[in-house]
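Breakdown of the fold
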Amino acid sequence: MFKTLMVALAGLGLAATVNAQQLVEGQHYTLLASPVATNVDDGQIEVTEAFWFGCPHCYRLQTPVSEWYETLGDDVSIVHMPATMGGDWNTHANAFYAAQSLGIEEKLHADFFEAIHEDGRSLTDADDIAAFFADYGVSKEEAKQALGSFSVRSEVNKAHSRMREMRLMGVPALVVDGRYVITPSTAGSLENMPQVAEALIERVRSERAE
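Residues numbered from 1 in each chain as written. Predicted model: local features only at pLDDT ≥ 70, side-chain atom pairs only at ≥ 80, totals over all residues. Heavy atoms only, no water.

**With respect to the side chain of His-109**
For clarity, the cut-off: Working definition: helices are DSSP H or I runs of at least four residues, strands are E runs of at least two. Numbering for both runs from the N terminus. Only protein chains enter the area calculation, which uses a 1.4 Å probe; residues under 20% of their type maximum are buried, those over 50% are exposed, and those in between are partly exposed. Polar contact is the term for a pair of N or O atoms within 3.5 Å; when the atoms are in protein, one must be able to donate a hydrogen and the other to accept it, and sequence-neighboring residues count only if both atoms are side-chain atoms. Two residues qualify as a contact provided that any one of their heavy atoms is within 4.5 Å of a heavy atom in the partner residue.
On the secondary structure map, His-109 appears in helix α3 (residues 105-117). Under the relative-accessibility criterion, His-109 is labelled buried at 8%. Engagement of the side chain of His-109 in a polar contact is seen with the side chain of Glu-105, the distance being 2.5 Å. If we ignore the near neighbours within four places in the chain, the residues touching His-109 are Phe-51, Phe-53, Gln-62, His-80 and Phe-96.

**Overview of the pattern of salt bridges**
The criterion, for reference: Think of a salt bridge as a Lys or Arg side-chain nitrogen and an Asp or Glu carboxyl oxygen that are within 4 Å of each other.
Taken as a whole and assessed by the stated rule, the structure comprises 8 salt bridges. Note that Arg-205 and Asp-75 form a salt bridge whose closest N and O atoms lie 2.7 Å from each other. Note that Arg-205 is positioned in helix α8 (residues 193-209) and Asp-75 in the loop between α1 (56-69) and β3 (76-82), a separation of 130 residues in sequence. Using a relative accessible area of 24% as the deciding quantity, one classes Arg-205 as partly exposed. Judged by its relative accessible area of 24%, Asp-75 is partly exposed. Notably, a salt bridge pairs Asp-127 with Lys-144, separated by 2.3 Å at the nearest N-O pair.

**Examining the domain arrangement of the protein chain**
Worth spelling out the cut-off: Reported domain spans reflect what an automatic or database domain assignment gives. When two parts are brought into contact, each loses some accessible area as probed by a 1.4 Å sphere; the total of that loss over both is the buried area.
For the protein chain, the assigned domains read domain 1 (43-81 + 173-209) and domain 2 (84-167). A C-alpha centroid distance of 22 Å is found between domain 1 and domain 2. Contacts between domain 1 and domain 2 engage 15 residues on the former and 16 residues on the latter. Between domain 1 and domain 2, a total of about 1,600 Å² is buried, with carbon and sulfur atoms accounting for 75% of that surface. Ranking the residues of domain 1 by area buried against domain 2 places Trp-52, Phe-53 and Tyr-59 at the top, with a combined share of 52%. Counting every contact that joins domain 1 to domain 2 gives 1 salt bridge.

**Things to note about a negative patch on the surface**
To keep it simple, the criterion reads: Within the patch definition used here, like charges are joined within 9 Å and nonpolar side chains (Val, Leu, Ile, Met, Phe, Trp, Tyr) within 5 Å, considering only residues with over 30% relative accessible area and no salt bridge. Reported accessibility uses the Shrake-Rupley method at a 1.4 Å probe radius. Residues are deemed covered only where the shown protein chains occlude them. Working convention for charge: Lys and Arg count positive, Asp and Glu count negative, and His plus the chain ends are omitted. By convention, the point assigned to a charge is CZ for Arg, NZ for Lys, CD for Glu and CG for Asp.
On the surface, Asp-111, Glu-114, Glu-118 and Asp-119 cluster together to form a negatively charged patch. Along the chain, the position of Glu-114 falls in helix α3. A relative accessible area of 40% means that Glu-114 is categorised as partly exposed.

**Observations concerning the pairing of β3**
Rules: Any two strands with at least two DSSP-identified bridges between them are counted as paired. Note on handedness: a clockwise path from strand one over the helix to strand two, with the strands aimed away from the viewer, defines a right-handed crossover.
Of the pairings in the sheet, the one linking strand β2 (residues 45-51) to β3 comprises 7 bridges and is parallel in character. Bridge assignment links Val-47 to a residue of β3, and that residue is Ile-78. Once the chain exits β2 it traverses α1 before rejoining the sheet at β3, and the crossover so formed is right-handed.

**Regarding the sheet that holds strand β1 (residues 30-31)**
The test is simple: What counts as an axis is a line fitted to C-alpha atoms, over the stretch in contact for a helix, and the angles between N-to-C directions run from 0 to 180 degrees.
Read across the open sheet, the 5 strands follow the order β1-β5-β4-β2-β3; overall the sheet is mixed. Strands with a single pairing partner mark the edges of an open sheet, and in this sheet they are β1 and β3. For β1 and strand β5 (residues 180-182), the ladder comprises 2 bridges, and the chain directions are antiparallel. Across the sheet, Thr-30 pairs through a bridge with Val-181, a residue of β5. This element, α1, spans β2, β3 and β4 (173-176) of the sheet and lies at about 160 degrees to β2.

Shown next, in the form of structure tokens:
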């Protein structure tokens, strides 16, 4: 059974900004032996955020990572990928893709996290999820239909396959360009994860410019 990654107790001592030359493979990030195909337009650099709505570390990451996303260049595309490790993980992944299919995922993403971690709601029951979705302009009937749809189940299965390809053993994780995997353990802290990812994005830009 996969487990949520714990935050390392000691930080890396990274400066406010780091560059790719300062990063050490196996220490600050993991390099995948077999790169995973990205799902973004040509010329874009994909950053995948793997998460579980029920993960407290993923919730804590939301503030630093969301602030970082606002600073990224136009050549970077963010892909949110819910973890699919069985049980409630899959239920929440299903909710994510159902909300995406209904066009409300961006509106409720932060609120779904907050409902679980601040309001104490598990949101693991279809009726509860449908009621939650109803606050975002869809009916409970539409929500339930999306939650049970074949297309949503297919997206959950794709996410599961992608997580296996990325060799992810827990969340949260950031994966840059389908190659570089950053976790709280490798980065030294949740707060360091965007810094390491930023340096790796610069590395990808340099590689592509050669």
